[in-house]
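# Architecture at a glance
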Protein chains: 2
Amino acid sequence: MTAAAPFDQLFSPRSIAIIGASQDLVRISGQPIRALKAAGFKGAIHLVNPKYPSLHGQPCFPTAAAIGKPVDLAIVAVPAAGVSEAIRDCGRAGIRFAIVLTAGFREAGGAGVALEAELKLVALQSDVRVIGPNCQGMVAVPARVWACFGSISEEIDLKQGEVSCVFQSGGFGYAIVNLAELQGVGFRTCISSGNETDMTSPEILEAFLDDPGTKIAFAVMEGTPDARRLLDVGRKALATGKPVLIWKSANTEAGAKAAASHTANMTGRADLFRAAFRQSGLIEVDDVEPIVDIAKLVAQGRRAKGRRIGALSISGGSGIVFADRCVREGLELPPFSPKTVAALKKIIPAFGSSENPADVTAGVFNDMSLLTKTLDIVLEDDGIDQLTIMLASIPGLPAERAAEAIAAAAAKTDKPVHVAWSGRRSKSEAAYRILEAAEVPVIPTPVRLAQAAAILARFEADRARLGSRKAPVVAARKAYELPPGAVTLSEAESKAVLAAHGIAVTREATVGAGESYIGKLARLSPPFAVKVLSRDIAHKSDVGGVKLGVRDVIGVEAAAIEVITNARRAKPDAKIDGVLVSEMASGLEVLIGVINDPAFGPTVALGLGGVLTEVLRDVTYRIAPFGLEDARDMIAELKGARLFAGYRGQPAADTGALARMLVDVSAMAMALKDRLAEMDINPVFVGPKGCVAADALVVLK
Amino acid sequence: MTAAAPFDQLFSPRSIAIIGASQDLVRISGQPIRALKAAGFKGAIHLVNPKYPSLHGQPCFPTAAAIGKPVDLAIVAVPAAGVSEAIRDCGRAGIRFAIVLTAGFREAGGAGVALEAELKLVALQSDVRVIGPNCQGMVAVPARVWACFGSISEEIDLKQGEVSCVFQSGGFGYAIVNLAELQGVGFRTCISSGNETDMTSPEILEAFLDDPGTKIAFAVMEGTPDARRLLDVGRKALATGKPVLIWKSANTEAGAKAAASHTANMTGRADLFRAAFRQSGLIEVDDVEPIVDIAKLVAQGRRAKGRRIGALSISGGSGIVFADRCVREGLELPPFSPKTVAALKKIIPAFGSSENPADVTAGVFNDMSLLTKTLDIVLEDDGIDQLTIMLASIPGLPAERAAEAIAAAAAKTDKPVHVAWSGRRSKSEAAYRILEAAEVPVIPTPVRLAQAAAILARFEADRARLGSRKAPVVAARKAYELPPGAVTLSEAESKAVLAAHGIAVTREATVGAGESYIGKLARLSPPFAVKVLSRDIAHKSDVGGVKLGVRDVIGVEAAAIEVITNARRAKPDAKIDGVLVSEMASGLEVLIGVINDPAFGPTVALGLGGVLTEVLRDVTYRIAPFGLEDARDMIAELKGARLFAGYRGQPAADTGALARMLVDVSAMAMALKDRLAEMDINPVFVGPKGCVAADALVVLK
């Protein structure tokens, strides 16, 4: 196999072959021909179809290999059964990228599943990177590439901009593109990725981030087996400063069921996706509006230095809802400096407001210099990082004057300046043009503006906060052996694995049949927990296999008889290896779990024990491995995190020790990733000094 | 005073006087003259201004009283200092409604506060109902009344419809009207209510509900001292079946601060507003889009009979996000009936979906009968109550064909049928017109449609669930006396008040100095709680004034000495009345509180005790008084509600007894509403049978 194909060939092909080109320009296999020509694609368009010697007034080739000239991209629209052969043909022709529009693969079930498996293999063998199948194709605006079918093939006037996007559903994705463009967003590359047999959304997002012309990217995805790669996407987004928005759908049972018959992408667990987003600085969205609004703000090309936002309105009501939403979303509306307030008080009427958010009042209708002066004063205040002006829905000439004032003010600063305004375009064309020329973003409502500004402020904060974090190197630990096969380890065996990875477990002893309790317990201090020991009994409490608070050796002997008898009665076939006698631990109860997720791989869960976990499902996740900062974030984001500070006279819990344990668990999970099915460390006691695993269950696969 | 003025005079006046009419039509006092004429108001317009004998080519009167003809409505635009006199003049002229545009009242502080107090009194004395001051006026579309200034005074083409609205901020409110109308919403009466010195938002909302032409109403409010009346609004909304949406702003400190300098309306506690909405079927919104979308769905005039929604798309991706949001918002996507699925399977391709949400695929581009047939099949399924069709962004002729199919299908059913579609209007005018003519609502995104449909389904469910609930009659209880003044009662006194209202308290005895413990404790069973008794010590635990689990009389005596000594040391000036010896109670710990809120009056809080309250602020509210159903709702909506069912082997708690206690507390709160500052019953122990107040604190005012 040769070096990785450069994505430039895909985004900006010099020549395109259409394999399965149709005589009928209305058919799916004809639409790309029409669209490429209509859009003004400047490169060569080669038609491939063994049925015709020529087509649409140009030669038509029997195979791609027969073209005899370099081709950068193929559009494949032959029936499903012929797609693999078409890809082989591309390989022979040296075409490195193919977009397969054809449907009827795994999403159709039956024979489609085998066809898709074959396609995956053939793509690899032929060294052809494949987008699709079951997709609607790509639009690359700068190169005028409309390699697609459906409504988008007719939208050849799509505004060019700096947004690139990928979506698994072509119809829905291009509807989003359409709706966003109607609201003023310009696009660069749009890819409908369909079944993602070869190229996945995360890989395509990375390619967008590498593209210098893309300033912001978004994805709409039902799921992906390539989910772990999202962490790399997020890290690259932070490093490049290009926000990546992800709309993850199919998060409910109903949604996942619908997705199964759609692109059949693995939908995965919504909570893990959310954890991965949080962990890597990706931005979750769940409708079109936030995409539009964030894209508009990014297009201005200015970055707020911090969370402090200044606001001024011509209508106090806007300022109030704006302030509400800013605060709720984590922005700050700091007081203006005394100098600013004093200057504003001289010009703003008493029934307005000279505080942040300022209300210059409808007085601007009589005298627009009120706005001009206020803008200058507020933009000079060092205490604000960006400025929002709320114009309600003023129309006509007042709007035009206001736009001029804002454009002039924006030109004098490098702080982001944006406008919440819903004036009718039909009555305010001039004002819109002035703001567009000045590159001042206009968002229709103060609420939407506050949300978008807050999201971008969080992204900037994440760059500082997460940008420098490195996934830790997973160091080798003390050697140990695991039994082969899908075995559930006993508590003692499970704890031995933990201990080998440096994780503190309760001091304890196993006592087999006939062994002396006195000798085994010599080095332990009461009170003890006495638990039946058996690989066959995963949930010891459920069978009466646990006695807590046992005070001495005689008690231990009695307890051992009791737990073994209980276990035998409940599970007659279980092989019982004796009992485990542990020192009792105390402290705040938490649980740590490891999931080996099919999409994300090893993932660590942290939950508060007792009432909070069982009643509130207060659990948080991080994809393993991770370092101390992430571990601390996990602890802090539990709903009941306040408990760690000490509650009703309890001492504060040692969160540092817990964070270190989480890091060690994440490293252990990575080390065992090929063997681990799941792991439960429950409870872990977090004391005032140190924390210790009091029970553990390792399930191998 | 005469009978209440009929709101018809306000919404549909036959004649209007403009008091303070200006020569200059650009000024605030001139704009309504221009707007009324431009809008084509058919009634008489009388100008009042002592400066001019005639104005704008018509007679001008020195006073309203001098007009000498019946006038239904006055618009007052004289300077703030003259407003009260203008209202007196209205009274003398027999004008029953006045809209005061003038600003400079309490929102301006200083002399404005006194001016507003005077205006309130004058309005009452003159029998004139006042809207404003500090407002932008009213638009009543059917009667062509543009009694307003600002941008809205130029929007005389506002589409007529069935939506009425009231907002405290004129600029912001009319921007919402504008934005909603741009998206296809038609309006009836819009009122900017400003400072609400006389007429408040809740009163105006009630008037809207009484107006036969209004089918849906919304309010945007910063707050109101008339908040309790919102419960009546909600009940009337449920009774009439007209949804009322409320956007309550100023919910954060920053927002409330901004509101103070705006209309200076009392902002109040957001959590209590939310409780009132939940309690009475009002619908909370927090941006313009939900208002638009719900209004569009209501305009169709069809009601879904239940929560079961059917969906079909031409793009599977839309169906997935739609399903996600429906489920999250409480709608059901039930499976289609086997008959429906069988029929669909015959026409929908294998790579589509014949399950709910159905995906008919982009195959409709080739053959629109696919959609027609699918619509007929799905609408015949008895298992669905309403149907959403998702058209992504298809343009042109396919859109037109799809619109025809949908219009035809909608005409054959009385189930709600609506469309999620973002086709460009410029390329799809015909399709939009077809759907508009068929009264099929179009919402741009599936997510927004799901949200709006879910909100309406909840409203219908609330009509069934809450509609029949009556606020209970507060019965008189055993007589008792309260000390005068702002006194904090001791625990024993507080519990005596509870007991008088039939609320179970722990069995207990007070023991004063020198009294015999043996005699007092004879009828009580150990263990005991021993607590210092003093009106001056509200928080007994904080001063070491409580000993729990005391086993016998000797222990009680020792504990009494200890708690009194501790209390004396901590609060040397406290008057100590002895100790209270209570039986210990057990069960699940909850707390019940009463707030006497300035806006809502007596309000009951319920929280889970212990960790859950302190860590999670798991508290819910209801405005008092309320009955058993509301009390049960309160219990069920606690985040930790699962605990009542019994946790880790605990018996289930007697929620019936707790509900009865909540109802009794609400009745007590109403009975004491003129004396009660606040009340805390904490803890209440909810046992397997019955529940009991173990501590209580009544603060009088």
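Residues numbered from 1 in each chain as written. Chains lettered and ligands numbered in written order. Predicted model: local features only at pLDDT ≥ 70, side-chain atom pairs only at ≥ 80, totals over all residues.

A tally of helices and strands in chain A yields 22 helices and 29 strands. Dimensions of chain A, computed from the C-alpha atoms along their principal axes, are close to 95 × 80 × 40 Å. Look at the contacts in chain A between residues 6 or more apart in sequence, and 73% of them connect residues 24 or more apart. (Helix = DSSP H or I, 4+ residues; strand = E, 2+ residues; numbered from the N terminus. Contact = placed C-beta atoms within 7 Å.)

All right, on to unusual backbone geometry then. Omega for the bond connecting Pro526 of chain A with Pro527 of chain A falls within 30 degrees of zero, at -5°, which places this linkage in the cis form. Tracing the sequence through the fold places Pro527 of chain A in the loop between α18 (517-521) and β21 (528-532). Even without being glycine, Glu439 of chain A reaches a positive phi, approximately 55°. For Glu439 of chain A, a count of 14 C-beta atoms within 10 Å puts it in the partly exposed group. Phi at His56 of chain B is positive, roughly 50°, even though this residue is not glycine. His56 of chain B gets classed as partly exposed once you count the C-beta atoms within 10 Å, which come to 16. (Buried ≥ 20, exposed ≤ 12 C-beta atoms within 10 Å, placed from the backbone.)

To continue, consider the relation of the copies chain A and chain B. Two copies of the chain are present, and they differ by a rotation about an axis and a shift along that axis. Mapping chain A onto chain B is achieved by rotating through 180° and translating by 0.0 Å along the same axis, at an RMSD of 0.1 Å. On this basis, the relationship between the two copies can be described by a two-fold rotation axis. Interface overlap between copies is the fraction of interface residues in one copy that are interface residues in the other; for chain A against chain B it reaches 100%, indicating a shared surface. (Least-squares fit on C-alpha atoms with pLDDT ≥ 70 in both.)

We now examine the interface of chain A and chain B. Counting residues at the interface gives 74 residues for chain A, matched by 74 residues for chain B. Those elements that place two or more of their residues in the side of chain A that touches chain B are α5 (170-182), α8 (253-260), α11 (316-328) and α20 (611-616) of chain A. No other element matches the ten residues that α11 of chain A contributes to the side of chain A that touches chain B. Grouping the amino acids of the side of chain A that touches chain B by side-chain chemistry returns 35 nonpolar, 26 polar and 13 charged. (Nonpolar A, V, L, I, M, F, W, Y, C, P; charged D, E, K, R; others polar.)

Further remarks concern the domain arrangement of chain A. It is common to give the size of an interface as the accessible area that goes away when the parts come together. Looking at chain A, the domain boundaries give domain 1 (1-136), domain 2 (158-299), domain 3 (304-466), domain 4 (507-583) and domain 5 (588-700). When each unit is reduced to the centre of its C-alpha atoms, the spacing between domain 3 of chain A and domain 4 of chain A is 69 Å. (Domains from an automatic or database assignment.)

Attention shifts here to helix α13 (residues 369-379) of chain A. Among the residues of α13 of chain A, Leu370, Leu371, Thr374, Leu375, Ile377 and Val378 of chain A are the ones counted as buried. Those residues of α13 of chain A that are buried lie in contact with β15 (309-313), α12 (338-347), β16 (358-359), β17 (386-390) and α14 (396-411) of chain A.

Looking at where Asp127 of chain B falls in the secondary structure, it is placed in the loop between α4 (111-126) and β7 (129-131). Residues Asp127 of chain B and Lys415 of chain B lie 288 residues apart in sequence; the distance between their C-alpha atoms is 48 Å.

We now examine the nonpolar core. With 457 residues, the main nonpolar core has Val76 and Ile406 of chain A together with Val76 and Ile406 of chain B as its most contacted residues. If sequence neighbours within four positions are ignored, Val76 of chain B has contacts with Ile19, Gly20, Val83, Ala86, Ala98, Ile99, Val100, Leu101 and Thr102 of chain B. (Core = buried A, V, L, I, M, F, W, Y, C linked by C-beta atoms within 7 Å.)

This paragraph deals with the environment of Val360 of chain B. Residues and elements named next belong to chain B. Note on placement: Val360 falls in the loop between β16 (358-359) and α13 (369-379). We classify Val360 as buried; it has 28 C-beta atoms within 10 Å. Between the C-alpha atom of Val360 and that of Trp247, which follows or precedes it by 113 residues, the distance is 38 Å. Once residues within four sequence positions are removed from consideration, Val360 is found in contact with Leu312, Ile314, Ile348, Gly352, Leu370, Leu371 and Thr374.

This part takes up the sheet that holds strand β4 (residues 58-61) of chain B. Read across the open sheet, the seven strands follow the order β3-β4-β2-β1-β5-β6-β7 (chain B); overall the sheet is mixed. Looking at which strands have only one partner, the edges of the open sheet turn out to be β3 (54-55) and β7 of chain B. (Pairing = 2+ DSSP bridges.)

We now examine the pairing of strand β11 (residues 187-192) of chain A. All names here are of chain A. The buried fraction of β11 amounts to six of the six residues, a majority that puts the element mostly inside the structure. Relative to β11, strand β8 (residues 137-140) runs antiparallel, the two being bridged by four bridges. Across the sheet, the residue bridging to Met138 is Ile191, located in β11. Of the strand pairs in this sheet, strand β10 (residues 160-167) and β11 are connected by five bridges, and their pairing is parallel. Note on β11: the bridge partner recorded for Cys165 is Cys190. A crossover links β10 with its parallel partner β11, the connecting element being α5, and its sense is right-handed. (Right-handed = clockwise from strand over helix to strand, strands pointing away.)

What follows deals with helix α9 (residues 270-280) of chain B. Residue and element names in this part refer to chain B. Every buried residue belonging to α9 is among Phe273, Ala275, Ala276, Arg278, Gln279 and Ser280, and all of these are buried. Buried-residue contacts for α9 involve α7 (229-240), β13 (244-248), α16 (446-466), β26 (619-623) and α21 (628-637). Following α9 by one or two positions, Gly281 adopts a phi angle in the positive range, close to 85°.

Residues and elements named next belong to chain A. Of all five residues that make up β15, five are buried, and the element is covered over most of its length. Neither face of β15 is left uncovered, since the one carrying Ile309, Ala311 and Ser313 and the one carrying Gly310 and Leu312 both have all their residues buried. When β15 meets β17, the two strands line up parallel, connected through five bridges. Across the sheet, residue Leu312 finds its bridge partner in β17, namely Ile389. Bridging between β15 and β16 involves two bridges; their strand directions are parallel.

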